Amino acid sequence: ATVIGGLSREVIRRLIQRQRGAVQYCYEQRLQASPELEGRLTVAFVIGPDGAVRSATVHSSTLGDEPTESCVLDVVRRLIFPPNESGVISVNYPFVFRAGDPVEE
């Protein structure tokens, strides 16, 4: 993960890990329709001073599956991080999807 701002990579990783099941679900529901689906998705998101995610977009993707990408973006947008006094925090966070394996980062 690339983080610009006041929260550590570890804090961000820990909070995303708590939602790993939701991200895994996004992928697994699409695997039924596309068993060969795999790749890397990097999500760019901005955390406001209040800890809420203000925006989330696909930064890069080799996944090539809009429904999975959209679902993961929805999960990221619902995350709540600790409030921070340093202002806006920009994050690029990678997810790696492989059939039969848990989502990696």
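That block above? That's the structure.
Let me sum up the structure you'll find in this document.

What counts, and at which threshold
- Within every chain, residues take consecutive numbers counted from 1 along the sequence as written.
- Per-residue local features are limited, in this predicted model, to residues with pLDDT of at least 70; the limit for side-chain atom pairs, both in listing and counting, is 80 or more; totals at the level of whole chains, interfaces and linings are taken over all residues.
- For the side-chain quantities, the full set of heavy atoms in the structure was used; hydrogens and water were omitted.
- By convention in these notes, a salt bridge is any Lys or Arg side-chain nitrogen within 4 Å of a carboxyl oxygen on Asp or Glu.
- Elements are defined by DSSP. Helices are runs of H or I of four residues or more, strands are runs of E of two residues or more, and each kind is numbered from the N terminus.
- Relative accessibility under 20% of the residue-type maximum defines a buried residue, over 50% an exposed one, and the middle range a partly exposed one, all with a 1.4 Å probe and only protein chains included.
- When the centres of two rings from Phe, Tyr and Trp lie within 6.5 Å, Trp using its six-membered ring, the rings pair. Their planes under 30 degrees apart give stacked, over 60 give edge-to-face, and anything left gives tilted.
- Should any heavy atoms of two residues lie within 4.5 Å, those residues are considered in contact.

A complete count under the given rule lists 4 salt bridges for this structure. Between Glu10 and Arg14 there is a salt bridge, with the nearest N and O atoms lying 3.8 Å from each other. On the criterion of helical spacing, the pair formed by Glu10 and Arg14 is a turn pair, its members being 4 residues apart in helix H1 (residues 9-17). Residue Arg14 is classed as partly exposed on the basis of its relative accessible area, which comes to 41%.

Let us look at the packing of aromatic side chains. Across all of its chains, the model carries 4 aromatic pairs by this definition. Measuring from centroid to centroid gives 5.9 Å for Phe45 and Phe81, while their planes differ by 20°, and the two rings are stacked. Of this pair, Phe45 sits in strand S2 (residues 39-47) while Phe81 sits in the loop between helix H3 (66-77) and strand S4 (89-97); the two residues are 36 residues apart in sequence, bridging distant segments of the chain. Among the residues examined, Phe45 registers a relative accessible area of 1% and is labelled buried. Each ring, one from Tyr93 and one from Phe95, has its centre 5.2 Å from the other, and the planes form 55°; the classification is tilted. Accessibility expressed as a relative area gives 4% for Phe95, which makes it buried. Each residue in the set Tyr27, Tyr93, Phe95 and Phe97 is aromatic and connected to the rest through ring pairs, giving one cluster.

Note on placement: Val96 falls in strand S4. Assessed through its relative accessible area of 13%, Val96 is described here as buried. In the structure, Val96 is positioned 58 residues away from Glu38 in sequence and 7.7 Å away in space, judged by C-alpha atoms. With residues near it in sequence (within four places) discarded, Val96 still touches Gly39, Arg40, Pro102, Val103 and Glu104.

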